[in-house]
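What follows is the residue order along each chain.
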4 protein chains.
Amino acid sequence: MSSDFKIRGVVPPVVVPQLDDGSIDHEAFERHLNRMIDAGIDGLFFLGSSGQVAFFDEETRLEVVREGMRINNGRVPVIAGCIDMQTDAVIAHARSMAELGVDAIVATAPFYAIPGPGVVARHFRAIHEAVDVPLFAYDIPVCVQTKLDWRLLAELGAEGTLAGVKDSSGDDVSFRFLIRENDRIGHPLTLLTGHEVVVDGAYLGGADGSVPGLANIAPEPYVEMWRAAEAGDWARVRELQDYLADLMLITQVTTGVGGYGAGVGAFKTALREMGVFSSNRMPEPVAELEGENVEAIRQVLATCDLL
Amino acid sequence: MSSDFKIRGVVPPVVVPQLDDGSIDHEAFERHLNRMIDAGIDGLFFLGSSGQVAFFDEETRLEVVREGMRINNGRVPVIAGCIDMQTDAVIAHARSMAELGVDAIVATAPFYAIPGPGVVARHFRAIHEAVDVPLFAYDIPVCVQTKLDWRLLAELGAEGTLAGVKDSSGDDVSFRFLIRENDRIGHPLTLLTGHEVVVDGAYLGGADGSVPGLANIAPEPYVEMWRAAEAGDWARVRELQDYLADLMLITQVTTGVGGYGAGVGAFKTALREMGVFSSNRMPEPVAELEGENVEAIRQVLATCDLL
Amino acid sequence: MSSDFKIRGVVPPVVVPQLDDGSIDHEAFERHLNRMIDAGIDGLFFLGSSGQVAFFDEETRLEVVREGMRINNGRVPVIAGCIDMQTDAVIAHARSMAELGVDAIVATAPFYAIPGPGVVARHFRAIHEAVDVPLFAYDIPVCVQTKLDWRLLAELGAEGTLAGVKDSSGDDVSFRFLIRENDRIGHPLTLLTGHEVVVDGAYLGGADGSVPGLANIAPEPYVEMWRAAEAGDWARVRELQDYLADLMLITQVTTGVGGYGAGVGAFKTALREMGVFSSNRMPEPVAELEGENVEAIRQVLATCDLL
Amino acid sequence: MSSDFKIRGVVPPVVVPQLDDGSIDHEAFERHLNRMIDAGIDGLFFLGSSGQVAFFDEETRLEVVREGMRINNGRVPVIAGCIDMQTDAVIAHARSMAELGVDAIVATAPFYAIPGPGVVARHFRAIHEAVDVPLFAYDIPVCVQTKLDWRLLAELGAEGTLAGVKDSSGDDVSFRFLIRENDRIGHPLTLLTGHEVVVDGAYLGGADGSVPGLANIAPEPYVEMWRAAEAGDWARVRELQDYLADLMLITQVTTGVGGYGAGVGAFKTALREMGVFSSNRMPEPVAELEGENVEAIRQVLATCDLL
């Protein structure tokens, strides 16, 4: 039952361009994916948090992944988020994604209804048993309120339920314990960090790769950082991470906004200003960034030589 | 644009019985609804948190409400939860519920993706504009992480976006401010409390009614409490609430469980022990209560003369 | 070992006036205490959260209580907060207060260093064993991060460790369970609510009294509300609570401030505008309310006929 | 106004040994400090969270630092925590520490009473103005509930209020932004990480050093790790961090305990088992680890060749 799927390196969680009417901007989507694949990324993660999964109905989810796979055309592995409140709905998404032929799927802990003891393990086991696709756990307590315990993750890896973990928990101590335990038990899990500002530390600590939202904007530095890490050139790793930390200030320089609109809103705005997207349109009911906030983002981009 | 729908009194959030294979137990469902309607409840709230909404796919949601409305047969008003992560999905649920002919719908703040300033208001306005059914806001931060501001709720009531609020926030101070403000602006909102243990205080403070999960088990005392409150017999109100607070200990006497499994799990177990449900089956991946936990619940039921 | 100290009714947590140089304003303090005692309050609670305990060194704590007791001159019972991070420091404060002759002391759960299982019980037992003064537990998770479990509180009451509880937890469900359990075990605990906006519900539910910060501003309505509750005149109770809820808007109408400065800051400002205090000076490093915020508070006071 | 005090490298937060009667174990304290200084540590941090500051009254705080400075005898710089609820008390501690001649002091955000906007800045400025000793901000939201904003910290560094930051926030993204901003403004702040399990990443990211509680147990690997980082030998840095992460499992292998008792309790137990401390006595009301928990810790120590 254990999975042989392995992935290493940079796997951007794909931000999805929309036209001003709210529909998906296929032209920009193709431009965007090709730009990242040409930069040398190692995989594509569709329908993560940055990938607007919470806002998409089933039909649009399928549209995003189907179109993404058509554009990708097998160049890199594809992972798809199957994010929903509880197990059955996750399984339904997972079956759709399996039919589309994705290489792996990603699921969070159950949310909305609060899981008690044992529920998280039963959840992941039920998904794994229902769908024959490698399963990643998505550790994102800021969205689902549950922190995944590193010991449970290792146990689920050892038994073949999980193929990997995407860590967006912000708890680097727990992530390090997980990396160590994963090594002790034969490395069943692929461990990816989602914290684009401290990827260098995660690589030094033994992460198998990263899922950096910021790689939508700057894929090449992330690719080069990974390669430098693989080569043991840590001075270069740090230099690139410093650059990328400075670029991440696009999410810190806005005012009067917050949450999803400030984070993904900054990514979309940057991509528009750089000419990759044609609009910074956000999904309803989130407003797009405007006026001085756009100006502030442009200044960060200029400082980073991206305009 | 404003709604004329008003409801007052006891509106239980309907717990849904399942057979041991996980499917809905139609026989028990009919017995359960009739028992509550016969007790004199003032409305039925399907697909709330206790109503397992997080675990049901669209098809099962429709099955629950369709079947519930068939059994109810117009005896009391019907409210249906339209709970999903973001606006579009909520609107899709709302349209289905409108087609089924429910009297009102209930929606939470957006969740999973964190709403920034202004997003909550846009969310409720978008739902209201899309669907011509009275809309209640469901204030349940423990599930969605966002507390609805009482000033915003009053504003959305005054403008006709909201017809009411179901308050499960646990913040009785905020709820009192809302009641006062609602009175000042002409009472556009129907204000219902979801805290079954302190309904008496909410009634004294001016609530229009309650949505007590515990009324699934003891509908008659809740009905009598509401009538006593309407009659100004506060000594009787308190007496009944004391009884119901003691009964609510079914959710406090279990060990080794937590979250949804401890709360709704206790309700289902009590209903089975009382012969209303045929099983205490919980939705996957939540386990049903067993062994000593069942025994502990039976003891509370016995103390309350419900066995 | 059990305490015979009982108190019932309204026990305001005394807000402390300061001169513009930051020292205690003895003249205003005397005026303030006499005004509340003349209004018929049932006790005085010095050095609570509203009583600026966090800002006072040992010397000033002693000054406040010594002076307060001199002014009070035995007219009503006196309770004193002994708030500090851990047990030994609490005990040291408690000994000082015992020497001053207070009728009871109040302590929170340990804070800063996070208590593990069993620590809270050991903490209260150690205080009780060290000092021969009736001990109240102060349940205030917003300040100390630990919610006191109602079962533990009842157990500590039954064994004679605790004489009472001041509940500022905001968790009225838990408070109701505590009231019921306290009744079942012979009412060893005096149970006071600190939520000035929903005191009516707490009285209806069986609370022994209240510790309302707002009673610093409007002692008479709180006294009258308690007496109406004792007389079973719940319509009058509610009417008074509604008035007081509207008055509490002084803490809700300010902008650009928050935390202690918005809450106690509003109390001090109101007391100055009403002529009880001569300054709304706050303890360093908290700034006093100014300008439009003062104006907004004046409007609330005017609406409530307090100007 | 700016400080010239700079420190780099490993600055353990000193765990304080107690005799079974609760008093400070001077013999063990001397052995403990000498062991760390002999290992090559770069400074000593007394009266941090691990240094039991929350449990010590003023007299004991003075005893710890006075005795620590006597033993140290000028071999390494000394930093002392001045932890208390609000500004005046912090200033009082700070004056005592200044008189003892410490090289720098450390203070948190105000706690218990919740700070509103502007309060944190006023707090640190007031301390700095009152005491002529370099001031570090201690960012420890888990204890004080307030996360220090990296922009504010940089501003306070630029103006000379702060000499440095001890980061125990767990928010490595914010810490990286702070490191970058500190570099941009001329490096006024000494930036130390308190996360002993991911010190390697913090060093790679540009931290000036670390304050690892675990260095009480294993000072030499931390010293060697710092020196390897200074030399750019990142493979060795990671190897040492991996070893130390495995050793940190002493805080993860216990059961039935939590909070301070599990964390510092494990440190004290390890030090006793290794013969550095004579007792694992904890400050009241925290219980020391016993039985199987001691055995579990011994197994971790054995795996790490420390028994």
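Residues numbered from 1 in each chain as written. Chains lettered and ligands numbered in written order. Predicted model: local features only at pLDDT ≥ 70, side-chain atom pairs only at ≥ 80, totals over all residues. Heavy atoms only, no water.

Under an unreviewed UniProt entry, the name given to chain A is Dihydrodipicolinate synthase family protein, and the source organism is Granulimonas faecalis. Word for word, the UniProt comment on chain A under Sequence similarities (unreviewed entry) is "Belongs to the DapA family." (UniProt positions renumbered as here; feature names shortened; annotations may be inferred.)

Peer 1: Help me understand the packing of aromatic side chains, please; the structure alone is not making it clear to me.
Peer 2: Residue and element names in this part refer to chain D. Going through the model one piece at a time under the given rule, you end up with 30 aromatic pairs over all chains. Centre to centre, the rings of Phe45 and Tyr138 are 6.0 Å apart; their planes meet at 75 degrees, and the pair counts as edge-to-face. In this pair, Phe45 is assigned in strand S2 (residues 44-46) and Tyr138 in strand S5 (residues 135-139), connecting sequence segments 93 residues apart. A relative accessible area of 2% places Tyr138 in the buried class. (Phe/Tyr/Trp six-rings, centres within 6.5 Å; stacked < 30°, edge-to-face > 60°. Helix = DSSP H or I, 4+ residues; strand = E, 2+ residues; numbered from the N terminus. Buried < 20%, exposed > 50% of the residue type's maximum accessible area, 1.4 Å probe, protein only.)

Peer 1: Even after reading the chapter, I still don't get the relation of the copies chain C and chain D, so can you show me in this structure?
Peer 2: Note that the two copies of the chain are related through a rotation about an axis and a translation along the same axis. Placing chain C over chain D gives an RMSD of 0.0 Å and needs a rotation angle of 180 degrees, together with 0.0 Å of translation along the axis. Considering both components of the superposition, the chain copies are consistent with a two-fold axis. Residue by residue, 100% of the interface of chain C is reproduced at the interface of chain D, so both copies engage with the same surface. (Least-squares fit on C-alpha atoms with pLDDT ≥ 70 in both. Contact = heavy atoms within 4.5 Å.)

Peer 1: Just to check I follow, could you spell out the interface of chain C and chain D for this structure?
Peer 2: Bring the parts together and some accessible area is lost; that lost area is often taken as the interface size. Every contact between the two is made by 36 residues of chain C and, on the other side, 36 residues of chain D. Overall, the association of chain C and chain D removes approximately 3,100 Å² of surface from exposure, summing both partners, and the carbon and sulfur fraction of that is 63%. For the interface between chain C and chain D, the tally reads 2 salt bridges. Note that Arg122 of chain C and Glu284 of chain D form a salt bridge whose closest N and O atoms lie 3.6 Å from each other. Counting residues per element, the ones that place at least two in the side of chain C that touches chain D are helix H3 (87-100), helix H4 (119-130), helix H5 (141-144) and helix H11 (259-273) of chain C. Residues belonging to the side of chain C that touches chain D are distributed by class as follows: 21 nonpolar, 10 polar and 5 charged. (Buried area = accessible area lost by both parts, 1.4 Å probe. Salt bridge = Lys/Arg side-chain N within 4 Å of Asp/Glu carboxyl O. Nonpolar A, V, L, I, M, F, W, Y, C, P; charged D, E, K, R; others polar.)

Peer 1: What is the right way to read H11 of chain C from this model?
Peer 2: In an α-helix, one turn spans 3.6 residues; hence positions three or four apart end up facing the same way. All names here are of chain C. For H11, with 15 residues, the first-to-last C-alpha span of 21 Å sits near the 21 Å given by 1.5 Å per residue. Along its length, H11 shows its largest kink, about 30 degrees, at Gly265. Of the positions making up H11, those classed as buried are Tyr260, Gly261, Ala262, Val264, Gly265, Ala266, Phe267, Lys268, Thr269, Ala270 and Leu271. Its buried side turned inward, H11 meets helix H1 (26-39) and helix H12 (291-303). Looking one or two places after H11, you find Gly275, whose phi comes out positive at around 85 degrees. (Expected span 1.5 Å × (residues − 1). Bend = angle between axes of the 7 residues up to and from the residue.)

Peer 1: Would you mind showing me how to read the UniProt feature "active site" (unreviewed entry) in chain A here?
Peer 2: The positions that UniProt labels "active site" (unreviewed entry) are, in the present scheme, Tyr138 and Lys166 of chain A. Over a stretch of 29 residues, the named residues converge on one spot in the fold, their C-alpha atoms separated by at most 4.8 Å. What Tyr138 of chain A contacts, discounting residues up to four positions off in sequence, is Phe45, Gly48, Ser49, Ile83, Val106, Ala107, Thr108, Ala109, Leu148, Lys166 and Ser168 of chain A together with Tyr112 of chain B. Mapped onto the elements, Lys166 of chain A comes out in strand S6 (residues 164-167). Residue classification places Lys166 of chain A among the buried residues on the basis of a relative accessible area of 6%. Excluding anything up to four places from it in sequence, Lys166 of chain A contacts Phe45, Phe136, Ala137, Tyr138, Asp139, Leu192, Gly194 and Val211 of chain A. One polar contact links Lys166 of chain A to Tyr138 of chain A, side chain to side chain, over a distance of 3.2 Å. (Polar contact = N/O pair within 3.5 Å; in protein donor to acceptor, adjacent residues only side chain to side chain.)

Peer 1: Mind showing me how you'd approach the sheet that holds strand S6 (residues 164-167) of chain C here?
Peer 2: Backbone-to-backbone hydrogen bonds pair the strands of a sheet. The strands run either parallel or antiparallel. All names here are of chain C. Taken together, the 8 strands give an open sheet; going across it, the order is S1-S8-S7-S6-S5-S4-S3-S2, and neighbouring strands pair in parallel fashion. Single-partner strands in this sheet number two, and they are strand S1 (9-10) and strand S2 (44-46). Bridge count between strand S4 (residues 104-108) and strand S5 (residues 135-139): 4 bridges; the pairing is parallel. Along S5, the bridge assignment pairs Ala107 with Ala137. (Pairing = 2+ DSSP bridges.)

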